[in-house]
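Per-entry structural report
Each chain, letter by letter, is given below.
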Amino acid sequence: MKPLRLRLLLGIAIVAAVLSWAGAKLWDSFGQLPGVPTAAPIVLAAVAVVLLATAISLRARLKAVRERQPGAKGVDPLGAARAVVLGQASALVSAVVTGIYGGVGVYLLGLLDITARKQQAVTAGFAVLAGAGVIAAALWLQHVCRLPEDHDDPSGPAASPR
């Protein structure tokens, strides 16, 4: 499994932002632009908290095993892989959602004189912040579950003469 890179997630978010800004502008020219759901930042923040809690738990368990603390509970490799997949999927979806709300929010900045649109712009801003939190938590979870690199260590058993 390849690790996600921040550059890829930022690219996805930027493309989604540009497309959603253009879509919001087009939609508003034909009629009424739909509102930004109030639950969007709440749901994104909840996902970020779940990913953060998972990363903290796995990090503590891996540290206890590494330090050989008595009673340390090991980490199931399949469970860690599932956590990483959950984090990567969450990061990818969050990059798209963050871009969408970012693009809509930028469009709504031109309509701040309307009270309802001002509130929607604030909600979109909070959704972007919560989406960035999901991405950060997912990337940290991926970092916590990363396996150590296999470097060619000259002092290791592979380099010993035969």
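Note that the coordinates shown come from a computational prediction; the quantities given were computed from them, not determined experimentally.

**Focus: the overall build of the chain**
For the chain, the count of helices and strands is four helices and zero strands. On C-alpha atoms alone, the chain measures out to a radius of gyration of 21 Å, which is more than a quarter above the 15 Å that the 2.2 N^0.38 rule sets for 162 residues. With the principal axes as the frame, the chain shows a C-alpha extent of 75 × 35 × 20 Å. Sorting the 162 residues of the chain into buried and exposed places 33% on the buried side. Here the contacts in the chain between residues at least 6 apart in sequence split such that 84% fall between residues at least 24 apart. Positive and negative side-chain charges of the chain, numbering 15 and 8 respectively, have mean locations separated by a distance of 4 Å.

**Regarding the nonpolar core**
Grouped together as the largest cluster of nonpolar side chains are 33 residues, with contacts concentrated most on Leu9, Val36, Leu51, Leu58, Leu108, Leu141 and Cys145. Counting residues per element, the ones that place at least two in this core are helix 1 (6-30), helix 2 (39-66), helix 3 (77-108) and helix 4 (115-144). Sequence-distant contacts of Leu9, defined by excluding residues within four places in its chain, comprise Leu4, Ala91, Leu92, Ala95, Ile135 and Leu139.

**What about the environment of Arg82?**
Locating Arg82 in the fold gives a position in helix 3. In this structure Arg82 comes out as exposed when scored by relative accessible area, which is 56%. As a C-alpha pair, Arg82 and Ala132 span 50 residues in sequence and 21 Å in three-dimensional space.

**Brief notes about the environment of Asp76**
With respect to the helices, strands and loops of the structure, Asp76 is situated in the loop between helix 2 and helix 3. Residue classification places Asp76 among the partly exposed residues on the basis of a relative accessible area of 46%. Considering only alpha carbons, one finds Asp76 and Arg61, 15 residues apart in sequence, at a separation of 10 Å.

**Considerations on the packing of helix 1 against helix 4**
If you want to describe how two helices pack, look at the angle between their axes and the distance between the axes. The interhelical angle for the contact between helix 1 and helix 4, taken along N-to-C directions, is 160 degrees, at an axis separation of 12 Å. Between helix 1 and helix 4, the angle falls in the class roughly antiparallel. The two elements helix 1 and helix 4 cross, and the hand of that crossing is right-handed. Contacts from Leu6, Leu9 and Asp28 of helix 1 reach helix 4 at Arg117, Ile135 and Leu139. Residue classes in the contact of helix 1 with helix 4 are distributed as four nonpolar, no polar and two charged.

**Side note on the side chain of Ser20**
Position of Ser20 relative to the elements: it lies in helix 1. The buried category is assigned to Ser20, whose relative accessible area is 12%. A polar contact is formed between the side chain of Ser20 and the backbone oxygen of Ile100, at a distance of 3.0 Å. Not counting the four nearest positions on each side in its chain, Ser20 is found in contact with Gly99, Ile100, Gly103 and Val104.

Thresholds, definitions, all that
Residues numbered from 1 in each chain as written. Predicted model: local features only at pLDDT ≥ 70, side-chain atom pairs only at ≥ 80, totals over all residues. Heavy atoms only, no water. Helix = DSSP H or I, 4+ residues; strand = E, 2+ residues; numbered from the N terminus. Rg over C-alpha atoms; globule rule 2.2 N^0.38 Å. Buried < 20%, exposed > 50% of the residue type's maximum accessible area, 1.4 Å probe, protein only. Contact = heavy atoms within 4.5 Å. Lys, Arg positive; Asp, Glu negative; His and termini not counted. Charge placed at Lys NZ, Arg CZ, Asp CG, Glu CD. Core = buried A, V, L, I, M, F, W, Y, C linked by side-chain atoms within 4.5 Å. Axes fitted to C-alpha atoms, helices over the stretch in contact; angles between N-to-C directions. Parallel < 35°, antiparallel > 145°, perpendicular 65-115°, else oblique. Left-handed = near helix turned anticlockwise from the far one by under 90°. Nonpolar A, V, L, I, M, F, W, Y, C, P; charged D, E, K, R; others polar. Polar contact = N/O pair within 3.5 Å; in protein donor to acceptor, adjacent residues only side chain to side chain.

Structural measurements only, silent on function.
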